[in-house]
Every structure is written in C-alpha cells, then in structure tokens.
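Spelled out from the first residue to the last, the chains are:
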Amino acid sequence: MATKRSTAERAAVLREQLAQANHDYHVLDAPTISDAEYDEMLRELGEIERAHPDLLVPDSPTQRVGGAPSADFAPYRHVVPMLSLGNVFDAAGLRTFDARVARLAGGSVSYVCELKIDGLAMSLRYEGGTFRSAGTRGDGSVGEDVTPNVRTIAEIPRRLAGKDAPQTLDVRGEVYLSKHAFAELNRKRAAAGLPLFANPRNTAAGGLRQKDSRITSERKLSFFAYAIGAFEGARPAATQHALLEALRAYGFPVNEHATVCATIDDVVAFCERWEGERAALDYEIDGVVIKVDDIALQAKLGYAGKDPRWAIAFKFRAQEARTKLLDIGINVSRSGKLNPYAVLEPVIIGGVTVRMATLHNEADILRKDIRVGDTVIVHRAGDVIPYVVGPVLELRPKSARVYKLPERCPVCGSRVDHPPDDVFSYCTNVSCPAQVRERIRHWCTRGAMDIEGVGDAMAGALVDAQLCSTVADLYDLDAAKLATLPRMGEKSIANILDAIENSKSRGLARVLAALGIRYVGGQNAALLAADFGTIDALERASREELEATEGVGPQIAESVAFFFAQPQNRAVVKRLRERGVEVTAPKRERAAAGVLAGKTLVLTGTLPSLTREEATSLITRAGGKVSSSVSKKTDYVVAGVDAGSKLAKANALGVAVLDEPGLRELLGDGVPNR
Ligand code: IVH
C-alpha cells in the first residue's frame, strides 16, 4: 500500500502535469496530451484528494471545474484602485486627447492600441507565483471576492510561468464569453427548453456572480490580461507593449491585436479599422483602449479625478439598446407569410432612431420568451435590419403577456395555415390585399419588371383604390384611372404609364422572376426561360420535364408546377399575354440544334464508361433533356448494370431502351470518348 508520503508526491506530480497540460492547451493552443489522458489524471488526483482531504490545496486543478457552492461574496479590497477611463467617440476626440498628452509630455508620444473587450474587469492576485484570489472591480476600491468562480476559468494560470515574476502581483484583465461558447451554451439551453441568454457580456457577468461555481464552470469563460495593479519586486516592464509581452510570458492570454502606434493618425486608423471588422472576431468588443506606451510617462501624466490622463477609450457606436416592446404587429408577404415585427418605444441606436424591429417568426418569439410589455434588447448593426435579441427578464412587468400568432390573417381575416415542419404561418387567401400589394410591389422592382414609380406606397394606393388586384391590372391602367389617386400630377402619371409600357418587352426570364413563384429567383427564372422558351411550354410542363432543367430539383419543379396549376395564376398569365407582355425567350441554341432536340431521356443503372454527370452532359449538349422518372413521354431509357424499376417501367410502357453504345450511336460521330 502506498505510504502517505508517496501519495502526497503523486498528487503533486499530477497537479504539476495537469497545470502544464492546461497551459499547453489554453494558452499555447498546443495540447500535449489527449483529453482522455487529461481526464484520467484529473480523476486520479480527485480520488487522492477525497481519500486525503489534507492533501487538497486551493489551486488544485480539480478545483477548476467548480467546487461546492460558496457562501456570500466577501468584499475584495484593491490595493491599487481599479480605475475607469474617459471616453471619446470620434477622431476629433482622439486628436484632442493626443494634443493634451503631447502638451503635457512636451513632445509627440507613442501609444499602444488595444481592443476594448466587452466583458468584466477582474483583478487576480498572485503570491509567490501562485493564484490566490480574484475580485471584481466594484466601486474601484472594493469589489466582490469571486475567487472560487474565477478558479473555474481554465485560461487563468494557477501558477505564473517563468522565474522573474514579481513576488506578489495583481494582474488585471477582462473576463469574457467567446461568441462560439455563447452560441453553444444557448444551443444546449434551447435543447433543454430553457430560456436563452441575451448576450455574451451579461452571460459572463451572471456566470461570475454565481454562488455555485459549477454553474460558472458551465459557462466556459475566457480571459485577456492587459494591465497590472499592485506588485512587490522588480517592475515587470517599462512600456505597455513590454508589459503585455511579460503577461504573455507569465502564461496569460493576451490579445493578439494590441499594436504600437507612433502617431495619432495610426491610432485613428486602428480605431476605424476595428469598428468595421469587429464582427469577424470571436469575442465582442465595444471600442479601443489607447494607452501611452511609456510607463514612466504614464506616471508623470497622472490622473484627472478618477480618469487617467495617459489613457482613453474610443467607444464604438452602440449596436444594442434597451427599450419597451409596446406591441407585436404582422406583415403579410406576397406569398402570404406572416412576419411578426416589434413595435418599440423609439430608441436611438448608433445614431438612428429605431421604432420597429423584426421578430422573425412565432417559434422564435416563444423560444426567446419575448412578451408584449417586456423591456427588450434591440440590435442594429450596419445595414442589417434591426432585430429583437431578447427580453430583459429582470425588468419583466407582471402585466407582460405571452404572444400568440392570430388564427386569422390580420389584413383579410382569412384562415391562417401552419404547415408542419415550417416555422412560418401563411395567410391562405391569394387575394388578400396585403399579398396583392406585395406581389405588385415585387413585380415592379428593378430585378423584376423594373417599373419605376411603383414602390411600396404606390402599390398600396393601387390596391386600396381597387385599381389593381393582380399584376395584370397594371397593364389596364390609364391616365384617367391614375388621376383618381391622391397626389398624382400629369407628369408622374405619364412617367408611370411609360414605365409600364416599357416593362412589356423585358422577356420571359424577367416575367418568371417577377411572378414571385416560390424558389424561382432571377437565376432559376433565366434557366427555365432558356430551356422552355415560352410561358405556354412552362405551363404545360410536367414535374419531370421541369426537373430536366439544369439546377431545377424536385422542390423547385413542384413549386413551378403548383403555381401554373392554379386557375387564377393561369388567368393572370393569359391576361398578361393579351396585354402584350412578352412571355417568350430565345431558346437555348443547343436545344434546337442538337440531334436529341426535344427528346427526353432517362438514365438508370451504372453505365460501363460514363458517369451519370458525363452522360447527362452529353445528352444536354445534344439538345436532349434528362429526366429522373419514366413516363409515356420519355423517348429513351439508357440502362446500365443493375438497372431496376425504371427499366421495368420502360419495358411496360414500350419506351425504347438503349445501352451505352446505343446512346453513343444515337449521339453520332464526333462525340468524344471519355
Ligand atoms: S485598461 C486605467 N485595457 O474597459 C486603465 N481596459 O472603461 C484601465 N477594458 O473597466 C483599464 N479592454 O473593463 C483596459 N484592453 C483593455 C480593456 C479594458 C476592456 C474595460 C475594462 C475597464 C473599461 C474601461
């Protein structure tokens, strides 16, 4: 049986090896042992500690994964206060800051620019190179002691690496939650039916304030070091950039983007660059911190009140704000899709007043547990449509009510369909005025029939005045009808009529895209138009024939066939044709010229030398179509080895069957062998 001494030694060895493995994995990003080996060592150490509680030390790697619930947070006194920073919001602010620094320093000054990590400031105390305690910033002098929780952060070293670290040292930095860890956490919560977290920062903050550090541990928090507080012993560095190097050498993660900037122009460029590129990072940043590089000069510059004169925060324009969700409205799209949107108490985000935001769909509203009356977080970045991130649960009033999508279309009162396997619901009435307006608006957009002057408002006015109930009605408009609309002068009437007239000659591809057939955008419309040549041919086409078009799979074929099967759609097409809208397209040449022009072939089984793609390509280049199923309309079935039911069906229907040599013969001379 092992002696107590050898057991203590074994525990020490395991601790050392585990600490090294943690450092290699989390800091160097170069794991030296497998996860299984790591787990095995951790398990062995845990067993020893349970059998010999006196061998358990606070910085044991077993304590990282969360210990028992801690008592209340004790106050945590900062020897050197944790200060805040003054803010600037633009290049002018940066230049004012620089001018003052240069004046006080008596010359131009070099800076370090660091990304401003959007997390929680934390002070970590090391004594004799060992992690002892951790505290939040609090009021700057006294924070909360969150040591057990910080122990669960794998990236924070238990012991400082290297020999030359100060005897006691306070390391400062930011605890944060990476975007991928946040997404993963929410994925798990969604799977468990739990409400989702709103954003990484709050989730990190909540994680650190847990009484039970096992919960902290589950949040997979991270850390970046960027400063020091009190220390005893030699000063680690004379410049900020050397200090970052020293922190890295001690084993801390230090952000890789910190950059020395010799001029304020470089500082401005750094800030502007990262404001644009922040989305590409795996963690959230809310600005840039600019620090005078020379630490002796920092001391000389000193403080003005609570803010240092030697550093400043460049704050990015906010992307999120809180506001009240006053109501939930519904937009009906041209396909009848019900799109819920948030009606908000107006709020300024990044300089723009936001009154409405998308809520995606009913399932999303329920998943995020967004209720009318809630205070919600709204996100608006760049050109992205503002959206509701989620509710602020702490601020939920008793009166907040759970949202239920209406069973009747809010515009026309028709029944709403909730197809299974679809997160969206649909108005079932094709004549719904909202759908009609959206279809007309879409018909007139630039990528479709390009009718300038008919946008959102005009489309709405035409529908409201009952001048248009389908897109074909546009071609029945005249000056007298348009003059009945509000605010229509002669000139605008003439312009609209001209634009409508010109739209007649856009051709089949544009007509197909403009009709708004589900899954048929510009590209598929062009392919279908080139293959079929006329809208009549498309109307008559079976699903199989449609599928023979390159890029058209069963879903698109089904959607096109469904569209043309509706009598009201055929009526619209008929009227468009009668009004002189061009519904033909130049057919693809190969289709007309090749030896297989107009022929439909079906491939089945494995051919001796051609792959399916090669055979398809040979057939289509000769003007033929390849379909996936055999019907009476099939001209040939090309059968290889292991041909199954398709061959049987061909025989039953009396369709001609070819083998590969037969196909080559049909294609004639000059068809390359592969
Ligand atoms: S230095 C006196 N550097 O921003 C210097 N702070 O408003 C004090 N922060 O409370 C901070 N990234 O939580 C510094 N690279 C960075 C930072 C950073 C994020 C936070 C920190 C601080 C706040 C300043």
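Above: the structure in question.
Since the structure is predicted, the reported quantities are computational estimates derived from the model, not experimental observations. Here the residue index of a chain counts from 1 through its sequence in written order. In view of the model being predicted, local features appear only for residues whose pLDDT reaches at least 70, and side-chain atom pairs are presented and counted only at 80 or more, with totals across whole chains, interfaces and linings using the full set of residues. Side-chain descriptors were evaluated using all non-hydrogen atoms of the structure, hydrogens and water having been removed beforehand.

Here we take up the overall build of the protein chain. If you tally the helices and strands in the protein chain, you get 25 helices and 26 strands. A compact globule built from 674 residues would reach a C-alpha radius of gyration of about 26 Å, whereas the protein chain, at 35 Å, exceeds it by more than 25%. In terms of overall dimensions, the protein chain has C-alpha extents of about 90 × 75 × 55 Å along its principal axes. Buried residues in the protein chain amount to 47% of all 674 residues. By the convention used here, residues are in contact when the closest approach between their heavy atoms is within 4.5 Å. Considering only intrachain contacts with a sequence separation of at least 6, the fraction spanning at least 24 residues in the protein chain is 66%. All accessible areas in this document rest on Shrake-Rupley with a 1.4 Å probe, and a residue is counted as covered only by the protein chains that are shown. By element, 52% of the accessible surface of the protein chain is carried by carbon and sulfur atoms, the whole surface being about 33000 Å². We treat Lys and Arg as the positive residues and Asp and Glu as the negative residues; His and chain ends play no part in the count. To locate a charge, take atom NZ for lysine, CZ for arginine, CG for aspartate or CD for glutamate. Computed over 86 positive and 86 negative side-chain charges, the inter-centroid distance for the protein chain is 4 Å. Starting at the N terminus, helices and strands are each numbered in turn, a helix being any DSSP run of H or I of at least four residues and a strand any DSSP run of E of at least two. Note on method: radius of gyration uses C-alpha positions; expected globular size equals 2.2 Å times residues raised to 0.38. Categorising residues by exposure relies on relative accessible area from a 1.4 Å probe, with only protein chains included: less than 20% of the type maximum marks a residue as buried, more than 50% marks it as exposed, and the intermediate range marks it as partly exposed.

Glancing now at the sheet that holds strand S8 (residues 222-232). Hydrogen bonds along the backbone pair up the strands of a sheet, which may run parallel or antiparallel. Strands were regarded as paired on the criterion that DSSP finds at least two bridges between them. The strand order across the open sheet built from four strands is S5-S4-S7-S8, with neighbouring strands paired in antiparallel fashion. Strands with a single pairing partner mark the edges of an open sheet, and in this sheet they are strand S5 (130-136) and S8. This sheet shows a mean twist of 25 degrees between the axes of neighbouring strands, independent of strand direction. Where strand S7 (residues 168-176) meets S8, eight bridges bridge the pair, whose relative direction is antiparallel. Bridge pairing in S8 links threonine 168 to glutamate 232. Convention adopted: a line fitted to C-alpha atoms gives each axis, helices being fitted over their contacting stretch, and angles between N-to-C directions are expressed from 0 to 180 degrees. This element, helix H6 (residues 200-208), spans strand S4 (120-127) and S7 of the sheet and lies at about 40 degrees to S4.

What follows deals with the site of the ligand. The ligand sits among 13 residues. The nearest are Glu114, Ile117, Glu174, Tyr226 and Lys291. A distance of 2.8 Å is found between an oxygen atom of the ligand and a side-chain nitrogen or oxygen belonging to glutamate 174. If you list the elements that add at least two residues to the shell around the ligand, you get strand S3 (111-117) and strand S10 (285-292). Here the shell around the ligand takes four residues from S3, the largest share from any one element. The nonpolar class holds Ala, Val, Leu, Ile, Met, Phe, Trp, Tyr, Cys and Pro. Asp, Glu, Lys and Arg form the charged class, and all remaining residues, Gly among them, are polar. Residue classes in the shell around the ligand are distributed as nine nonpolar, no polar and four charged. Here a residue is near a molecule or strand as soon as one of its heavy atoms is found within 4 Å of it. N or O atoms within 3.5 Å of each other form a polar contact, as long as, within protein, one can give a hydrogen and the other can take it, and as long as residues adjacent in sequence are counted only when both atoms are side-chain atoms.

With that out of the way, let us pick up the pairing of S10. The element S10 is extensively covered by neighbouring structure, given that eight of its eight residues are classed as buried. In this sheet, strand S13 (residues 311-315) lies alongside S10 in antiparallel orientation, the contact comprising five bridges. Its bridge partner lying in S13, isoleucine 290 is registered against isoleucine 312.

In this section: the sheet that holds S10. Read from one edge of the open sheet, five strands run S2-S13-S10-S3-S9, paired in mixed fashion. On the outer flanks of this sheet lie strand S2 (87-88) and strand S9 (259-261), each paired with one strand and no other. With three bridges joining them, S3 and S9 adopt antiparallel strand pairing. Within the sheet, the bridge partner assigned to valine 112 lies in S9 and is valine 260. Strands in contact with helix H8 (residues 240-250) are S3, S9 and S10; relative to S3, the strand with the most contacts, it is inclined by about 50 degrees.

Those residues of helix H25 (residues 660-667) not exposed but buried are Glu660, Gly662, Leu663, Arg664 and Leu667. Buried positions along H25 lie against strand S23 (600-604), helix H23 (612-621), strand S25 (636-639) and strand S26 (656-658). Taking the backbone nitrogen of glycine 662 as reference, a side-chain oxygen 2.9 Å away marks aspartate 659 as the first, capping residue of H25. Immediately downstream of H25, the backbone of glycine 668 shows phi near 85 degrees, a positive value.

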